[in-house]
Every structure is written in C-alpha cells, then in structure tokens.
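# What the coordinates show
The residues making up each chain are set out below.
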Amino acid sequence: MAIYITHDREALSPSSATGFTAAKITTGYVVYARVQVKNAKCNYTVNGTTATTSIGEEVEPGDTFEVWGSEDMGNFSIIENGGTATVEVAYCGQGGG
C-alpha cells in the first residue's frame, strides 16, 4: 500500500494565468498536487490550454481538488475569476513506512 506525504507546498496568487512552480513538480517524488482555493472564484485547466475568466473549470473559495500525474501538473493553469484569490498547493508523493 502506498503512503502519500506532503513533500513541499506553495501559495499562488493567480491574478494572471499561473501554473505550478516547475522545480516543485519535477523532483521525482511528487505524483499529485492538492489544491485549495481561498478568497475568490478561480478557473483552472490541465490540458495545456491557458485558463482565462471564461475558459476552464470553475472552483469556489474553499474548494479543494487534486491534480494527478506529471503531464497534468505540467499543463496546470489557474486564474482568479472575480476578486483576489490565494491558492494553497501541497505537493504530495510516496513516502513513509
């Protein structure tokens, strides 16, 4: 059974389209990112399309979602959609006993 732990974290301020920090997702340990939206609605994509206020899946303040796999994490894009958002990200992968 795999045990997943948090290896790193960051806070994003997506006033324009923003992705995950490349150095945080290319460590070899990280297999998914757990994302929580705070303060304002956002739109996000994982297919390589840049998120805009009219393109992407909409998430509300307090929503949490996961982005799995190096391809989707590398293609991730998020932008605030009305208000000033903070996006908390935990980068998770295998570890522990």
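Further up the page is the structure itself.
Overview of the structure. Everything numeric in this text was worked out from a predicted model, so none of it was measured.

To continue, consider the overall build of the protein. The helix and strand inventory of the protein stands at 2 helices and 7 strands. Beginning at the N terminus, the succession of helices and strands in the protein can be written as β-α-β-β-β-β-α-β-β. Across the 97 residues in the protein, those meeting the buried criterion constitute 36%. Long-range pairs, those at least 24 residues apart, make up 77% of the contacts in the protein with a sequence separation of at least 6. For the protein, the accessible surface area stands at approximately 5,200 Å², while carbon and sulfur atoms represent 46% of it.

Structurally, Lys24 can be placed in helix α1 (residues 22-25). Within the structure, the side chain of Lys24 is placed 3.4 Å from the backbone oxygen of Arg9, a separation counted as a polar contact. Here Lys24 is in contact with Asp8, Arg9, Glu10, Val30 and Tyr91, once residues within four sequence places are set aside.

Another point: the pairing of strand β2 (residues 30-38). Working note: regular strand, side chains alternate between the two faces of the sheet. Across 8 bridges, the pairing between β2 and strand β7 (residues 86-94) is antiparallel. If you follow Tyr32 over to β7, its bridge partner there is Cys92. Bridge count between β2 and strand β5 (residues 64-68): 5 bridges; the pairing is antiparallel. Among the inter-strand pairings, Tyr32 is bridged to a residue of β5, identified as Trp68.

Our next topic: the state of the cysteines. Under the criterion given, the structure shown has 0 disulfides. Not part of a disulfide, Cys42 finds its nearest cysteine sulfur in Cys92, a span of 19 Å. Relative accessible area serves as the criterion here: at 0%, Cys42 is assigned to the buried category. When its relative accessible area of 1% is taken as the criterion, Cys92 is described as buried.

The next subject is the pattern of salt bridges. Applying the stated criterion to the full structure yields 2 salt bridges. For Lys24, the salt bridge is made with Asp8, and the minimal N-O distance between the two is 3.0 Å. Remark: Asp8 occurs in strand β1 (residues 4-12) and Lys24 occurs in helix α1; sequence separation between them is 16 residues.

This part takes up the pairing of strand β6 (residues 77-80). What you see with β6 is no split at all: Ser77 and Ile79 on one side and Ile78 and Glu80 on the other are buried throughout. Pairing of strand β3 (residues 42-45) with β6, which is carried by 4 bridges, proceeds in the antiparallel orientation. Along β6, the bridge assignment pairs Tyr44 with Ile78.

How each quantity is defined
Residues numbered from 1 in each chain as written. Predicted model: local features only at pLDDT ≥ 70, side-chain atom pairs only at ≥ 80, totals over all residues. Heavy atoms only, no water. Helix = DSSP H or I, 4+ residues; strand = E, 2+ residues; numbered from the N terminus. Buried < 20%, exposed > 50% of the residue type's maximum accessible area, 1.4 Å probe, protein only. Contact = heavy atoms within 4.5 Å. Areas by Shrake-Rupley, 256 points an atom, 1.4 Å probe, with all protein chains shown as cover. Polar contact = N/O pair within 3.5 Å; in protein donor to acceptor, adjacent residues only side chain to side chain. Pairing = 2+ DSSP bridges. Disulfide = S-S within 2.5 Å. Salt bridge = Lys/Arg side-chain N within 4 Å of Asp/Glu carboxyl O.

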